[in-house]
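Architecture at a glance
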Amino acid sequence: MLEVQHQQQLLNNNWFAKLPQAYQQYIVQHAKYIEVAKDQAVFHSGDLFDGIYAVLNGAIRLGHVDIEGKEAVAAIAEPIMWFGEISLIDQQPRSHDAIAIQKSTLLHLPKRDVEAFIQATPEFWFHIAQLASQKLRLAFLELIAIQSQNISQRLAQRLLFILSGYGNHLSITNDEIHLSQEQLAQMLMCSRQTINQELQNLEKQGILAIAFKKIKILDPAMLHKMAHSSE
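Heads up: these notes are all about the structure in this document. Please read these numbers as outputs of a predicted model, since none were measured by experiment. (Residues numbered from 1 in each chain as written. Predicted model: local features only at pLDDT ≥ 70, side-chain atom pairs only at ≥ 80, totals over all residues. Heavy atoms only, no water.)

1. Description of helix 7 (residues 151-163)
- Over its 13 residues, helix 7 runs 18 Å from end to end, which matches the ideal 18 Å to within 8%, given 1.5 Å per residue.
- A large share of helix 7 lies buried, amounting to eleven of its 13 residues.
- Of all the positions in helix 7, only Gln153, Arg154, Leu155, Ala156, Gln157, Arg158, Leu159, Leu160, Phe161, Ile162 and Leu163 are classed as buried.
- Of the residues trailing helix 7, glycine 165 is marked for its positive phi of about 65°. (Helix = DSSP H or I, 4+ residues; strand = E, 2+ residues; numbered from the N terminus. Expected span 1.5 Å × (residues − 1). Buried < 20%, exposed > 50% of the residue type's maximum accessible area, 1.4 Å probe, protein only.)

Quick look at the structure:
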């Protein structure tokens, strides 16, 4: 059984909050705590499905590192974000790595419990599909942005995605984003120098503040305006 504080924390997750109460109770009763150290893998690309996860504390990098050590970052999972459901749906091995950026506390709903619940309650598939489609929608928005927006707009949009937990948060309770400029550049497929210049411009406008591996959002409304500007 989860601690009360973490049960309340889960209710700020958009997907979990919309689940029927019986489904919420099943997750609360069967999920397990997992502590992972910095740089420890939750799973690797190619691993078999072992369940779904939610970040309670810390941050998990979702991406891939090739044999030469080159890193590709798709997203940073922070509280409270669920991940790992893709392999449940397509019954294929993990498509990416999930590596802890810092010491993190995760919630793990093991494979046997997920599959047992689906077998007993097939309607749960609908909610799993919603969890996956939430990420798919943002992926399409990012693909469209690559083709139609300049780097300033794409950066503003990506920062908003991260701030909202990629659509996971019912409300934004934290105005800090924990990632390096190098990781942000990898997400946007541009150079670190370009990202640094863009961030400095936003800092001069009072929209954000830059620190070591951390960005504090000061004016999310202006960031939203920039992301959706037609210019």
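2. A word on the sheet that holds strand 6 (residues 82-83)
- Ordered in space as 1-8-3-6, the four strands form an open sheet in which the pairing is antiparallel. Edge positions in the open sheet fall to strand 1 (32-36) and strand 6, since each of these has one partner strand only.
- Across two bridges, strand 3 (residues 51-57) lies against strand 6 in antiparallel orientation. Bridge pairing in strand 6 links alanine 54 to tryptophan 82.
- Against the sheet, helix 3 (residues 21-30) contacts strand 1, strand 6 and strand 8 (104-110), and its axis sits at roughly 115° relative to strand 8.
- Sitting on the sheet, helix 5 (residues 111-120) touches strand 1, strand 3 and strand 8, and the angle it makes with strand 8 is about 45°. (Pairing = 2+ DSSP bridges. Contact = heavy atoms within 4.5 Å. Axes fitted to C-alpha atoms, helices over the stretch in contact; angles between N-to-C directions.)

3. Topic: the packing of aromatic side chains
- Taken as a whole, this structure holds nine aromatic pairs when the rule is applied.
- Summarising the aromatic geometry, the rings of tyrosine 23 and phenylalanine 124 are spaced 5.7 Å apart at their centres and angled 90° between planes, so their arrangement reads as edge-to-face. Linking tyrosine 23 in helix 3 with phenylalanine 124 in helix 6 (residues 124-148), this pair joins segments that are 101 residues apart in sequence.
- Relative to phenylalanine 83, the ring of tyrosine 53 has its centre 5.5 Å away and its plane inclined at 15°; by these criteria the two rings are stacked. In this pair, tyrosine 53 sits in strand 3 while phenylalanine 83 sits in strand 6, placing the two residues 30 residues apart along the sequence. Taken individually, tyrosine 53 and phenylalanine 83 each receive the classification buried, so the pair is uniform in this respect.
- A network of ring pairs unites the aromatic residues Trp15, Tyr23, Tyr26, Trp82, Phe117 and Phe124 as a single cluster.
- The ring of phenylalanine 43 has arginine 94 sitting right over it, with the charged end atom 4.0 Å from the ring centre. (Phe/Tyr/Trp six-rings, centres within 6.5 Å; stacked < 30°, edge-to-face > 60°. Lys NZ or Arg CZ within 6 Å of the ring centre and 35° of its normal.)

4. Comments concerning the packing of helix 6 against helix 7
- Close contact between helix 6 and helix 7 brings their axes to 10 Å; oriented N to C, the two are set at 165°. The angle between the axes of helix 6 and helix 7 places the two elements in the roughly antiparallel class. The element helix 6 and its partner helix 7 pack so that their crossing is left-handed. Packed against helix 6, whose contacting residues are Leu138, Leu141, Glu142, Ala145 and Ile146, the element helix 7 presents Arg154, Gln157, Arg158 and Phe161 at the interface.
- A per-class count over the contact of helix 6 with helix 7 returns five nonpolar, one polar and three charged. (Parallel < 35°, antiparallel > 145°, perpendicular 65-115°, else oblique. Left-handed = near helix turned anticlockwise from the far one by under 90°. Nonpolar A, V, L, I, M, F, W, Y, C, P; charged D, E, K, R; others polar.)

5. Quick look at the pattern of salt bridges
- All told, the structure shown has six salt bridges when counted by the stated rule.
- Note that glutamate 142 and arginine 158 form a salt bridge whose closest N and O atoms lie 3.8 Å from each other. Placement of glutamate 142 in helix 6 and of arginine 158 in helix 7 is noted, with a sequence separation of 16 residues between them. Across the pair, exposure class does not vary: glutamate 142 and arginine 158 are buried alike.
- If you follow the salt bridges from partner to partner, you end up with Glu142, Arg154 and Arg158 in one network. (Salt bridge = Lys/Arg side-chain N within 4 Å of Asp/Glu carboxyl O.)

6. Re the sheet that holds strand 9 (residues 176-177)
- Spatial strand order, 9-11-10: three strands in an open sheet with antiparallel pairing. One side of each edge strand has no neighbouring strand; the edge strands of this open sheet are strand 9 and strand 10 (208-211).
- Sheet analysis places strand 9 next to strand 11 (residues 214-217), joined by two bridges and oriented antiparallel. Its bridge partner lying in strand 11, glutamate 176 is registered against lysine 216.
- The sheet strands contacting helix 9 (residues 192-204) are strand 10 and strand 11, and the helix crosses strand 10 at an angle near 130°.

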